[in-house]
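Structure assessment
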Amino acid sequence: MHYQKALLDAPRNTDADFGRHPVDQHVGNQIALVRVQSDISQAQLARSIGVSFQQLQKYESAKNRVSASMLYVIAQSLGVPVSRFFRGLPDNAESGDPIPFLPVDERLHFIASAEGRRLIEALMHLNPRVRGRVSSLISALGEELAFPDLGKDT
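About the cut-offs
- Residues numbered from 1 in each chain as written.
- Predicted model: local features only at pLDDT ≥ 70, side-chain atom pairs only at ≥ 80, totals over all residues.
- Heavy atoms only, no water.
- Helix = DSSP H or I, 4+ residues; strand = E, 2+ residues; numbered from the N terminus.
- Contact = heavy atoms within 4.5 Å.
- Salt bridge = Lys/Arg side-chain N within 4 Å of Asp/Glu carboxyl O.
- Buried < 20%, exposed > 50% of the residue type's maximum accessible area, 1.4 Å probe, protein only.
- pLDDT = per-residue confidence, 0-100.

**Description of the environment of V34**
As for its placement among the helices and strands, V34 is situated in helix α3 (residues 22-37). Separated by 46 residues in the primary sequence, V34 and V80 place their C-alpha atoms 8.6 Å from one another. With near-sequence residues (within four places) excluded, V34 lies in contact with L78, V80, R84 and F85.

Here it is, written out as structure tokens:
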């Protein structure tokens with residue numbers, strides 16, 4: 001009886017108050033990373049696991065926590081062990097030695113983002129020759145912005 005009252009009186013842990021838990025963020029990032037490395041779209045994975053792609057986006061961004069059963073289904077669908085999503089967490093090694101967080105490539109985050117998906121979708125509608133020219137233009141713009149003084153005569 002006292003236990004139930006303590007639960008009811010406990011302060012609520014909301015995203016607004018405390019932010020997303022680092023482990024939830026790590027697991028979401030790992031889901032996105034494995035999905036992108038497996039060349040599977042959010043829509044494909046969502047369909048495979050029986051949720052909307054918006055729900056999958058929420059899992060990947062840690063806006064919604066992934067239940068153990070759903071994590072199992074996701075792992076099965078991607079063909080990886082559930083433990084894959086926890087790889088890289090500190091103090092998660094069997095030896096007890098902490099493993100540093102795995103670096104997540106910024107490009108994978110962009111590809112998994114709504115903006116990245118829209119850009120890729122638009123590029124895929126272009127003729128391959130035009131797509132190559134657009135890619136060259138973007139590379140040239142990136143170099144110009146990274147090294148603006150190289151093109152100037154002094």
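What follows continues from the structure just given.
**As for the pattern of salt bridges**
When charged atoms on two side chains of opposite charge get close, those side chains can pair. For the structure shown, the criterion picks out two salt bridges. In this structure, D24 engages R65 in a salt bridge whose closest nitrogen and oxygen atoms are separated by 2.6 Å. With D24 in helix α3 and R65 in the loop between α5 (53-60) and α6 (68-78), this residue pair connects regions lying 41 residues apart in the sequence. Judged by its relative accessible area of 22%, D24 is partly exposed.

**A word on the confidence of the model for the chain**
On average, residues of the chain carry a pLDDT of 78, and 74% of them reach 70 or more. Looking at the elements of the chain, mean pLDDT is at its lowest for helix α1 (residues 2-9), recorded as 41, and at its highest for α6, recorded as 95. Confidence drops under pLDDT 50 across residues 1-17; counting only partners more than four residues distant or on other chains, this segment forms seven contacts. For the stretch residues 94-102, pLDDT sits under 50, and the model shows 16 contacts to residues farther than four places along the chain or on other chains.

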